[in-house]
Amino acid sequence: MSENLLEVTGLKVYYPIRKGILFDRTIGHVKAVDGVDLTVRRGETYGLVGESGCGKSTLGRALLRLEDAAAGTIVFDGQDITSLKGEKLRRLRTQMQMVFQDPMASLDPRQSIQSLLTEPLAVHGLSDQDKEEFGADSAKSHLAKAVSMLELVGLPRSALSRYPHEFSGGQRQRIGIARAMILNPSLVVADEPVSALDVSIQAGVVNLLEDLQNQLGLAYLFIAHDLSVVRHISDVVAVMYLGKLMEIGPADEIYNAPSHPYTQALLSAVPVPDPRA
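In this text, all values refer to a predicted model and were calculated from it rather than measured experimentally.

A. Focus on the pairing of strand S6 (residues 96-99). Taking every second residue as pointing to the same face, both faces of S6 are buried, with Met 96 and Met 98 on one and Gln 97 and Val 99 on the other. Of the pairings in the sheet, the one linking S6 to strand S7 (residues 187-191) comprises 4 bridges and is parallel in character. Residue pairing for S7: Met 98 is matched across the bridge by Val 189.

B. Quick peek at helix H4 (residues 113-124). Of the positions making up H4, those classed as buried are Ile 113, Leu 116, Leu 117, Thr 118, Pro 120 and Leu 121. Looking one or two places after H4, you find Gly 125, whose phi comes out positive at around 80°.

C. Highlighting the side chain of Lys 56. The residue Lys 56 is located in helix H1 (residues 56-63) in this model. A polar atom in the side chain of Lys 56 sits 3.1 Å from the backbone oxygen of Gly 50.

D. Here's a closer look at the packing of helix H7 (residues 169-181) against helix H8 (residues 199-216). At a minimum axis distance of 10 Å, the contact between H7 and H8 shows a crossing angle of 20°. Here H8 runs roughly parallel to H7, going by the angle between their axes. The interaxial crossing formed by H7 with H8 has right-handed handedness. Taken together, the residues of H8 that come into contact with H7 (itself represented by Gly 170, Gln 173, Arg 174, Ile 177 and Met 181) are Ile 201, Gly 204, Val 205, Leu 208, Leu 209, Leu 212 and Leu 216. Its residues assigned to classes, the contact of H7 with H8 shows 8 nonpolar, 3 polar and 1 charged.

E. Representation of unusual backbone geometry within the structure. A positive phi angle, near 50°, is found at Asp 77, a position not held by glycine. Tracing the backbone through its elements, the reader meets Asp 77 in the loop between strand S4 (71-76) and strand S5 (79-80). The class of Asp 77 is partly exposed, set by a relative accessible area of 42%. Of note in this structure, Leu 242 is not a glycine but carries a positive phi near 50°. In this structure, Leu 242 sits in the loop between strand S9 (236-241) and strand S10 (244-250).

Each value, and the rule that gives it
Residues numbered from 1 in each chain as written. Predicted model: local features only at pLDDT ≥ 70, side-chain atom pairs only at ≥ 80, totals over all residues. Heavy atoms only, no water. Buried < 20%, exposed > 50% of the residue type's maximum accessible area, 1.4 Å probe, protein only. Helix = DSSP H or I, 4+ residues; strand = E, 2+ residues; numbered from the N terminus. Pairing = 2+ DSSP bridges. Polar contact = N/O pair within 3.5 Å; in protein donor to acceptor, adjacent residues only side chain to side chain. Axes fitted to C-alpha atoms, helices over the stretch in contact; angles between N-to-C directions. Parallel < 35°, antiparallel > 145°, perpendicular 65-115°, else oblique. Left-handed = near helix turned anticlockwise from the far one by under 90°. Contact = heavy atoms within 4.5 Å. Nonpolar A, V, L, I, M, F, W, Y, C, P; charged D, E, K, R; others polar.

As structure tokens, this is what we get:
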């Protein structure tokens with residue numbers, strides 16, 4: 001088994017620019033992701049930073065096949081998934097999940113927490129190991145799995161009967177994380193998972209992600225524009241600008257000795273907690 005869980009080569013995602021009313025025609029393309037190469041190892045946190053609009057979220061969505069690539073290859077766990085469709089792509093979803101930026105927007109307000117957590121299990125089914133652990137009855141096993149996952153993210157069983165609007169932002173993000181983790185994925189794309197939260201809550205969510213990684217052996221693609229958070233959680237950091245990766249390296253090297261001018265400019269904009277500076 002290769003230590004590389006995800007290998008991306010020459011990935012491009014272009015959006016057409018259209019003009020005309022009666023005769024619609026393409027006059028150009030927005031190059032959201034323009035020839036990206038990256039490798040994520042098993043159990044590693046790969047941090048992706050850059051200014052708003054540089055293509056970070058589009059890259060994350062393309063890796064999960066939520067966006068179609070114009071060119072390039074995506075190899076996940078030894079399998080080329082660039083053009084997977086239908087049932088094969090659906091089965092892959094159990095191994096690749098996403099935590100979205102705004103938990104209120106990503107959770108259906110009409111579904112209870114129990115429904116939100118058990119829905120992925122109903123769609124994809126349980127593994128034989130889960131059935132042995134929780135019993136053959138699917139409804140009971142789904143409920144037991146949901147309770148177990150809630151406890152793992154620090155929420156009580158009583159949360160199952162409640163709805164997303166009854167929780168704080170940090171609690172809703174924990175529910176979003178539980179929903180992503182409940183299928184035991186190998187890779188989780190965390191798209192700015194703490195940027196919508198208060199600063200006092202961010203540390204708790206980041207620590208939760210680290211604890212889950214240690215317990216479940218996950219690999220993260222951690223997308224953010226908060227450089228301090230990325231430095232804290234990441235093993236490898238990539239700096240993105242206008243659809244391209246400007247610099248890649250170990251987190252400490254990138255932050256202590258940035259070599260690309262854009263990385264230097266990005267780091268120079270980080271506020272320093274010193275009134276004299």
